[in-house]
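Topology and contacts: notes
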Amino acid sequence: MSKTLILLLGLTLPGLATGVGAIPIFFAKEIKRGTMDMLLGVAAGVMLAATCFSLIIPSIEFGGSDLKAVLITSLGIFLGAVMLDMIDKYAPHEHLIDKRVEGRNTDSLKKIWLFIIAITIHNFPEGLATGVGFGTENINNGIAIAVGIGLQNMPEGMAVALALVREGYSKKYSFIIALITGLVEPIGAALGYGLVSIFNPILGIVLALAGGAMLFVISDEIIPETHSNGYEREATYGVIIGFIIMMIMDITLG
């Protein structure tokens, strides 16, 4: 396989994996609420581990793994959470659990856009990381990052699709939205590859911002939703299982 083809696949396939992860919704019959809560719990655990091992720890490493790097990453996490909080307050959307409507222009609201926005924000810096990895002299760095991110994106795509289906959207629509959330990743990858000298110095803070955004949405939206229907224990074990699965994948794939 030529280096050009490897580069092209490496920059595009991780983002498309989000849509691949959503494909099983077409084959699943009606999913019981308890099963749905457990699956969303697994997805939350996967996202939590991905935030820790693929965003926050790399952010600290990019900064030099010292106290200064930790403080910069901490600031990025906090600002990322504040960013999602502002979106939560002012962007038109409806909460998943209590259906309270916030923001402006509510005629155009979509019920889970906060969740989708968080996934999208999370995917962009991962795309940058992939592109930067391929932009270095060692192409194996890019391959390792691309494989890890691609596998990680699959359960995230399932999480988006499941949440949409649960809110009454069609399986086709849910799949399309899940796919779209991953399409920002090839854009980020192309930017990271083409402008590696520019994005490499700021990649750490970008990863931290994405980590804060993910932590906010996991705590504010996903976990409360899975604990609102009487299946808290199943959802909790789902979070733990998802975290373990993603932790093993991240460590194994380096």
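All of these numbers come straight from a predicted model, not from anything done at the bench.

Some points on the overall build of the protein chain
For the protein chain, the count of helices and strands is 8 helices and 2 strands. Listing the helices and strands of the protein chain from first to last along the sequence gives α-α-α-β-β-α-α-α-α-α. Classification of the 254 residues of the protein chain by burial places 44% in the buried group. A separation of at least 24 residues holds for 80% of the contacts in the protein chain among residues at least 6 apart in sequence.

Brief notes about unusual backbone geometry
In this structure, serine 65 takes a positive phi of about 60 degrees despite not being glycine. As for its position among the elements, serine 65 is in the loop between α2 (33-62) and α3 (67-90).

Details of the environment of leucine 162
For leucine 162, the position within the fold is in helix α5 (residues 139-166). For the pair formed by leucine 162 and methionine 36, sequence separation is 126 residues and the distance between their alpha carbons is 7.4 Å.

Side note on the UniProt feature "transmembrane region" (unreviewed entry) in the protein chain
As recorded in UniProt, the sites labelled "transmembrane region" (unreviewed entry) are residues 6-27, 39-57, 69-91, 112-136, 142-164, 176-196, 202-223 and 235-253. Helix makes up 100% of residues 39-57 and strand 0%, and the two end C-alpha atoms of the span are 26 Å apart. Annotated as 100% helix and 0% strand, the span residues 202-223 places its first and last C-alpha atoms 31 Å apart.

A word on α2
Helix length check: α2 (30 residues) gives 41 Å between terminal C-alpha atoms against 44 Å at 1.5 Å per residue, within 8%. Roughly 30 degrees is the biggest bend found in α2, and it falls at threonine 51. Backbone geometry just downstream of α2 places glycine 64 in the positive-phi region, at approximately 115 degrees.

Details of the environment of methionine 154
In this structure, methionine 154 sits in helix α5. Those residues in contact with methionine 154 that lie beyond four places of it in its chain are Ala17, Val20 and Gly21.

Examining the confidence of the model for the protein chain
For the protein chain, per-residue confidence averages 76 on the pLDDT scale, and residues scoring 70 or more make up 80% of the total. Mean pLDDT across the elements of the protein chain ranges from a minimum in strand β1 (residues 93-94), with 46, to a maximum in α3, with 86. Confidence over residues 93-111 falls short of pLDDT 50; this stretch has 48 contacts with residues more than four positions distant or in other chains.

A short note on the side chain of threonine 73
Along the chain, the position of threonine 73 falls in helix α3. Judged by relative accessible area, which is 2%, threonine 73 ranks as buried. Not counting residues within four places of it along the chain, the set of residues in contact with threonine 73 comprises Ile56, Ser59, Ile60 and Ala208.

Looking at a nonpolar patch on the surface
Together, Leu5, Leu8, Leu9, Leu13, Leu16, Ile176, Ile180 and Leu183 give the surface a local cluster of nonpolar side chains, amounting to about 640 Å² of exposed area. Breaking the nonpolar patch down by element, the ones donating at least two residues are α1 (3-22) and α6 (171-194). Element by element, the count of residues in the nonpolar patch is highest for α1, at 5 residues. Within the secondary structure, leucine 183 is located in helix α6.

Let's talk about the side chain of threonine 18
Within the fold, threonine 18 resides in helix α1. According to the relative accessible area criterion, threonine 18 is buried, its value standing at 0%. Ignoring sequence-local partners within four residues, the contact set of threonine 18 consists of Asn123, Asn153, Gly157, Ala178, Thr181 and Gly182.

Considering α6
Here α6 is 24 residues long and its end C-alpha atoms lie 36 Å apart, about the 34 Å a rise of 1.5 Å per residue gives. All of the buried residues along α6 are Ser174, Ile177, Ala178, Thr181, Gly182, Val184, Glu185, Pro186, Gly188, Ala189 and Gly192.

A look at the nonpolar core
In terms of nonpolar packing, the biggest core is built from 29 residues, with Met47, Val160, Leu203 and Ile218 touching the most fellow members. Secondary-structure elements contributing two or more residues to this core are α2, α4 (113-135), α5, α6 and α7 (196-226). Element by element, the count of residues in this core is highest for α7, at 9 residues. The residues contacting isoleucine 218, other than those within four sequence positions of it, are Ala44, Met47, Leu48, Thr51, Ile223 and Pro224. By size, the runner-up hydrophobic cluster in this structure holds 5 residues, among which are Leu7, Leu11, Ala146 and Ala189.

Rules and cut-offs
- Residues numbered from 1 in each chain as written.
- Predicted model: local features only at pLDDT ≥ 70, side-chain atom pairs only at ≥ 80, totals over all residues.
- Heavy atoms only, no water.
- Helix = DSSP H or I, 4+ residues; strand = E, 2+ residues; numbered from the N terminus.
- Buried < 20%, exposed > 50% of the residue type's maximum accessible area, 1.4 Å probe, protein only.
- Contact = heavy atoms within 4.5 Å.
- UniProt positions renumbered as here; feature names shortened; annotations may be inferred.
- Expected span 1.5 Å × (residues − 1).
- Bend = angle between axes of the 7 residues up to and from the residue.
- pLDDT = per-residue confidence, 0-100.
- Patch = residues over 30% accessible without salt bridge, like charges linked within 9 Å, V, L, I, M, F, W, Y side chains within 5 Å.
- Areas by Shrake-Rupley, 256 points an atom, 1.4 Å probe, with all protein chains shown as cover.
- Salt bridge = Lys/Arg side-chain N within 4 Å of Asp/Glu carboxyl O.
- Core = buried A, V, L, I, M, F, W, Y, C linked by side-chain atoms within 4.5 Å.

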